[in-house]
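Single-letter residue listing:
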Amino acid sequence: MGHARNYVTQDILRRIMTDYFRYDVHFVMNITDIDDKIIIRARHNHLISNLRSETTSLTQALIDRVWNAWTSYVQSKVSRGLAESERPPTGGEKEQWPMLVESFQRKEWRQQGLQRDEKFEMHFNAATITYNALVKAEEHSKSGQTGSEHAQTLIDLSKDVLAHSLDKQLGHTVNDHTIVRSLAAHWEAEFFKDMRRLRVREPDTLTRVTEYVPEIVSFVEGIINNGFGYVVDGSVYFDTRAFDKAEGHSYAKLEPWSKGNRELLEEGEGALSVTTGKRSAADFALWKASKPGEPSWPSPWGAGRPGWHIECSVMASAILGDNMDIHSGGIDLAFPHHDNEIAQSEAYHNCSAWVNYFIHTGHLHIEGLKMSKSLKNFITIDEILQKYSARQLRLAFLTQLWNAKVDFSESLMTGEVRGIEIAFNNFFTTVKALVSQAEAEGPKLDGKNRFQQAERELTDSLHASQAAFRAALCDSFNTPEALNVLRELVSKTNVYIRAPEGNLEIGLIQRVARWVGDMLRMFGLGEGETQEIGWGQERSATEGSVNREEILMPYLRTLSSFRDGVRKLAIAKDENALKEILALSDKLRDVDLVPLGVALDDQEDSKALVKLVPPEELIKAREEKRAQAEAKAARKAAAAEAERQKRIAALEKGRIPPEELFRPPNVPEGIYGSWDEKGLPLTDGEGKELSKSASKKLQKEWALQKKRHEDWSEWQKQQQQEGHRG
């Protein structure tokens, strides 16, 4: 997803420059097919593969080997995230591990570990998987289950831990270049496969580091000759201090505040780098002396390989010369990578500005968390494309500024992005239906002028939108604002279409739809045939290039005309029997035509507007409408039941006859002493006559209860009658 964010966004910017502003763009992409991470991963894969092929059974030697790798991994990797008091002593790792696993379940404890080491959770999970696999392997061994399948399972589950141990022991023996190159070639192919699925255009020129090693050697020699490079034990380093002191130069132009950031500097040099002998901590490798287990090429300084930063400068200079307009990449590459590129390129070319503009795309966060391949908390492009379409992903990035942090979330995709897509889809579907209907009916020769105030206002809105759209893209490629311009124009056009007058200028509506569709396609959101109105719909392989509208519309209009006639007949009559005709008509619309991808929208003039929509969208909309209706009916039923219960509760208050209301057990014994013939109290419990005010209050309550009792009695009669009928 990090790749998707960066390359889809760069593709959008490239399309804006080429397809909208009509610039001639030479787009060069560099492929790093040799660096520390690739070497380490290739060695790990190779050594694990060898171990798998050599292992034919689950032996105690294999189990011991994995236990040793595990204890080493716990001490060297996991312990970085543990407090001093929690780090297991050498030899005590197994005994202490269950307690650490229990602590790991607490979020606060994990967070503390991540503060000490950002890779703590990844390392701990790898160690836990290996520990569990070892426990299981020992159980299998004790029970005599020592087949190769159990051995292979142990190796596969513990490979992240085992690879580090194998590399320490045997990494120096892996000297075959093809092992590294084949890994890079595999992931290069996978990368471009993903890019095609995301509809990212291919670069005009593609370069690979391994194809430019002689040029890199020559470039490094030029930097040394210009006084900005020095040799240490077969490696060549860039002298940042000398560069900083030189007239017209300054190191770390992009992020001067990161100049002394040791963590970023070390990360930029790679895990296999040797830092001894450097004149300054900020100095970086132009050429690295190769150690056993690392690919190498000949050079004046001995066998070695290119540093990470130098490759981009050399390949870009080879293709574009001593100056380029735009250099792009993720914001995480600004320092030290891009700053180092600038320094070494300006040192070689003796210039003060190698790049005119840098475009750095913002970080990608998913549900608030930063994604990182090194932390193994990333989502693959394949995984995300199983959930969302390439268009939806591109829409999500278009709603954000290219240089802003993107917070990718479920709510963004199902809310804003889905809403935008539905709005455009509905608009284009309606316009195509109106255009098709107008073409079928032919020109209206009634002598009416159809370009009135409403048409002038919509035309003005179109022109204003075109100007605002251009202004937004001129303002540092402000795609969120440009997208809003299109959405507002669509909204205004929808208002015009739904106006009660119904005298639509189809040509104007078509102009608006074509321009909006062209701009969406310019952003890379297009599918289907380019000549169709809108951004198009992706067609399945079985459909090929068949134009569904052209083939189906004549038949569908005939069917629709029949339905229109039936509706008119039914609407014109008052007999109840004709309701069945309307029900059949609605069934045709809501049930029969939905699986065919046909939507019929009833209009005020009793004519239906015919639309072709992907069946799954219609079915989804129908189910959503049905669910809403059911929910509404359920709420209505619940409200009716609540009202019924409320009425029953009120009626139940009248169950007691008024004559018994003030007599025990309806009042406590001894409250009143005597009553009249209606049951109204005359004296209190001590025989004293009640006051006038007390008597008056009781008479009011008696009268109210009399009314309640009458209502209750009537309700009881109704209940009995309904019971007899049942």
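Our structure's up above, just so we're on the same page.
Residues numbered from 1 in each chain as written. Predicted model: local features only at pLDDT ≥ 70, side-chain atom pairs only at ≥ 80, totals over all residues. Heavy atoms only, no water.

**Q** When you look at the packing of helix α17 (residues 410-441) against helix α20 (residues 506-522) in this model, what are you seeing that I'm missing?
**A** Think of two packed helices as two axes; the pair is described by the angle between the axes and how far apart they sit. In the contact formed by α17 and α20, the axes pass within 10 Å of each other and the chain directions differ by 140°. If you check the angle between α17 and α20, you find them oblique. For the pair α17 and α20, the crossing hand works out as left-handed. Within the contact between the two elements, α17 uses F424, F427, F428, V431, L434, V435 and A438 and α20 uses I506, I509, Q510, V512, A513, V516, G517 and L520. Class assignment of the residues belonging to the contact of α17 with α20 gives a composition of 13 nonpolar, 2 polar and no charged. (Axes fitted to C-alpha atoms, helices over the stretch in contact; angles between N-to-C directions. Helix = DSSP H or I, 4+ residues; strand = E, 2+ residues; numbered from the N terminus. Parallel < 35°, antiparallel > 145°, perpendicular 65-115°, else oblique. Left-handed = near helix turned anticlockwise from the far one by under 90°. Contact = heavy atoms within 4.5 Å. Nonpolar A, V, L, I, M, F, W, Y, C, P; charged D, E, K, R; others polar.)

**Q** So what exactly am I meant to see when it comes to the pattern of salt bridges here?
**A** Pairing is possible between side chains of opposite charge, provided their charged atoms come close. One pass over the structure, following the stated rule, counts 37 salt bridges. With a shortest N-O distance of 3.2 Å, E84 and R87 are connected by a salt bridge. A salt bridge links E441 to K607, with the nearest nitrogen and oxygen atoms 3.7 Å apart. Of the two residues, E441 sits in helix α17 while K607 sits in the loop between β12 (598-602) and β13 (608-612), which places them 166 residues apart along the sequence. According to the relative accessible area criterion, K607 is partly exposed, its value standing at 35%. The network of salt bridges with common partners includes D36, K288, K291, E294 and R305. (Salt bridge = Lys/Arg side-chain N within 4 Å of Asp/Glu carboxyl O. Buried < 20%, exposed > 50% of the residue type's maximum accessible area, 1.4 Å probe, protein only.)

**Q** Mind showing me how you'd approach the nonpolar core here?
**A** Across soluble globular proteins, you tend to see nonpolar side chains buried next to one another. Core analysis: the largest hydrophobic core is formed by 73 residues, its most contacted members being F408, F424, F469, V516 and F523. In terms of residue count, α17 provides more of this core than any other element does, 11 residues in total. F469 has contacts with Y20, A482, V485, L486, W515, M519, M522 and F523, leaving out every residue within four places of it along the chain. W109, L162, L183 and L286 belong to the second-largest nonpolar core, a separate cluster that totals 68 residues. (Core = buried A, V, L, I, M, F, W, Y, C linked by side-chain atoms within 4.5 Å.)

**Q** Explain the packing of helix α16 (residues 390-398) against α17 here, please?
**A** Two numbers describe how α16 lies on α17: the axes approach to 10 Å, and their chain directions differ by 110°. One way to sum up the angle between α16 and α17 is to call them roughly perpendicular. Contacts between α16 and α17 involve R391, Q392, L393, L395 and A396 from the first element and L412, M413, V417, R418, I420, E421 and N425 from the second. Of the residues assigned to the contact of α16 with α17, the class counts are 7 nonpolar, 2 polar and 3 charged.

**Q** Hey, could you run me through a negative patch on the surface in this one?
**A** Taken together, the side chains of E118, E263, E266, E267 and D332 present a region of like negative charge at the surface. Tracing the backbone through its elements, the reader meets E267 in helix α12 (residues 262-269). Its relative accessible area of 54% is what places E267 among the exposed residues. (Patch = residues over 30% accessible without salt bridge, like charges linked within 9 Å, V, L, I, M, F, W, Y side chains within 5 Å. Areas by Shrake-Rupley, 256 points an atom, 1.4 Å probe, with all protein chains shown as cover. Lys, Arg positive; Asp, Glu negative; His and termini not counted. Charge placed at Lys NZ, Arg CZ, Asp CG, Glu CD.)

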